[in-house]
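The lines below spell out each chain.
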Amino acid sequence: MTEQRPDFTTFRERLLTRQRMFGTFLKLPTTQVIEILGTIGYDFVVIDQEHAPLDRNITDLMIFAARASNIAPLVRVGEFTDANILSALDCGAMGIMVPHVTTVEKAQAIARSCRYAGGNRGFAGLTRAGMWGSVGGIRHMTQQDRQIACIAMIEDVEAVDRAEEIAAVDGIDALFIGRGDLTASFGDDPQAQAKVAEISSTVAAAAQKANVPLLMLPTSKADLAFAKELGASALLLSSDHGFIRSAASATLADYSD
């Protein structure tokens, strides 16, 4: 039996106070994986609309399953629009992750979309986020503004020099270093890994200067040590696809001897 985790609604508070948390990306359009992760003890999941065929209906069910399993559901939107963020938040997401944040202006627009006070989030009380109307409108808006995490992904070379300004935008709660896209941008450059490591250090320093938390996806124990060294406190471990592949490969190898 896993140790009881803090309530999923405290994700943003735990993120801002740099508590160590573990999550994973979800790409399979199913709820059962989330229930399994809940029994294991993961703190959060990122429902990946960017790189997986996850429409609004299945995203709604996955968010429901995460909340029922006491895992904080975050959504990585495929494209930043006010409507995409509003949809995820009304369904009950506790955080939004936006890819390819390359300018301060985009970061400001994202932050506004995630907030009622000082923002432009559209109001709806009869939603999962609003506890289906069981709390008053003012209380709902106050709770959401306090609990929703707004995370900007730095994964483009042109965004690196602006990372500190992006992190300092009011309403941006954390940065995620997208090392996959950064690495891909260098093509077959043999120095790609070293260059991305240097970029990661630069972004981490920017986050530290702006006093915002850092999220990373370590790919090995050695890489985990690097992420911790940079100050990453929320760590994404692989994905549901990755877990299936690694477990299936290991099992096949065990039984093929």
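Residues numbered from 1 in each chain as written. Predicted model: local features only at pLDDT ≥ 70, side-chain atom pairs only at ≥ 80, totals over all residues. Heavy atoms only, no water.

In the nomenclature of an unreviewed UniProt entry, the chain is known as Aldolase/citrate lyase family protein of Neorhizobium phenanthreniclasticum. The UniProt entry for the chain carries this comment under Sequence similarities (unreviewed entry): "Belongs to the HpcH/HpaI aldolase family." (UniProt positions renumbered as here; feature names shortened; annotations may be inferred.)

Engineer: Any chance you could break down the overall build of the chain for me, citing the residues and the numbers?
Structural biologist: Assigned secondary structure in the chain consists of 12 helices and eight strands. Here the C-alpha radius of gyration of the chain, 18 Å, is about what a compact globule of 257 residues would show, namely 18 Å. Considered along the principal axes of its C-alpha atoms, the chain spans approximately 60 × 45 × 30 Å. For the chain, with 257 residues in total, the buried portion stands at 49%. Expressed as a percentage of contacts within the chain between residues at least 6 apart in sequence, the contacts between residues at least 24 apart total 66%. Surface exposure of the chain reaches about 12,100 Å², of which carbon and sulfur atoms provide 54%. Between the averaged position of the 23 positive side-chain charges in the chain and that of its 31 negative side-chain charges there is a distance of 6 Å. (Helix = DSSP H or I, 4+ residues; strand = E, 2+ residues; numbered from the N terminus. Rg over C-alpha atoms; globule rule 2.2 N^0.38 Å. Buried < 20%, exposed > 50% of the residue type's maximum accessible area, 1.4 Å probe, protein only. Contact = heavy atoms within 4.5 Å. Areas by Shrake-Rupley, 256 points an atom, 1.4 Å probe, with all protein chains shown as cover. Lys, Arg positive; Asp, Glu negative; His and termini not counted. Charge placed at Lys NZ, Arg CZ, Asp CG, Glu CD.)

Engineer: Tell me what's going on with the packing of helix H4 (residues 82-90) against helix H5 (residues 104-114), and back it up with residues and numbers.
Structural biologist: The geometry of H4 relative to H5 is characterised by a closest axis approach of 9 Å and an angle of 35 degrees between their N-to-C directions. Here H4 runs over H5; the crossing is right-handed. Here Asp 82, Ile 85 and Leu 89 of H4 come into contact with H5, specifically with Ile 110, Ser 113 and Cys 114. Taken together, the residues of the contact of H4 with H5 sort by class into four nonpolar, one polar and one charged. (Axes fitted to C-alpha atoms, helices over the stretch in contact; angles between N-to-C directions. Left-handed = near helix turned anticlockwise from the far one by under 90°. Nonpolar A, V, L, I, M, F, W, Y, C, P; charged D, E, K, R; others polar.)

Engineer: Account for the sheet that holds strand S1 (residues 21-26), naming residues and giving values.
Structural biologist: Strands sit in the order S1-S2-S3-S4-S5-S6-S7-S8 around a closed barrel of eight strands; the barrel is parallel. Ignoring which end each strand starts from, the neighbouring axes of this sheet average 25 degrees apart. (Pairing = 2+ DSSP bridges.)

Engineer: Can you break down the pairing of S1 residue by residue, with the values?
Structural biologist: Taking burial as the measure, the six residues of S1 include five buried ones, the bulk of the element. Across four bridges, the pairing between S1 and strand S8 (residues 234-239) is parallel. Across the sheet, residue Gly 23 finds its bridge partner in S8, namely Leu 236. One ladder, built from four bridges, connects S1 with strand S2 (residues 44-48); its direction is parallel. Residue pairing in the sheet places Thr 24 in a bridge with Val 45 of S2. At this point the chain moves from S1, through helix H2 (residues 32-40), to the parallel S2, and the crossover so formed is right-handed. (Right-handed = clockwise from strand over helix to strand, strands pointing away.)

Engineer: Could you give me a rundown of the packing of aromatic side chains, with the residues and numbers involved?
Structural biologist: In this structure the tally under the stated criterion is four aromatic pairs. Geometrically, the ring pair formed by Phe 11 and Phe 44 is tilted, given 5.2 Å between the ring centres and 55 degrees between the ring planes. Here Phe 11, found in helix H1 (residues 11-16), pairs with Phe 44, found in strand S2; they are 33 residues apart in sequence, far enough to count as distant. Of the two residues, Phe 11 and Phe 44, neither departs from the other in class, the shared state being buried. Geometry around Phe 25 places Lys 27 over its ring, the cationic atom sitting 5.5 Å from the centre. (Phe/Tyr/Trp six-rings, centres within 6.5 Å; stacked < 30°, edge-to-face > 60°. Lys NZ or Arg CZ within 6 Å of the ring centre and 35° of its normal.)

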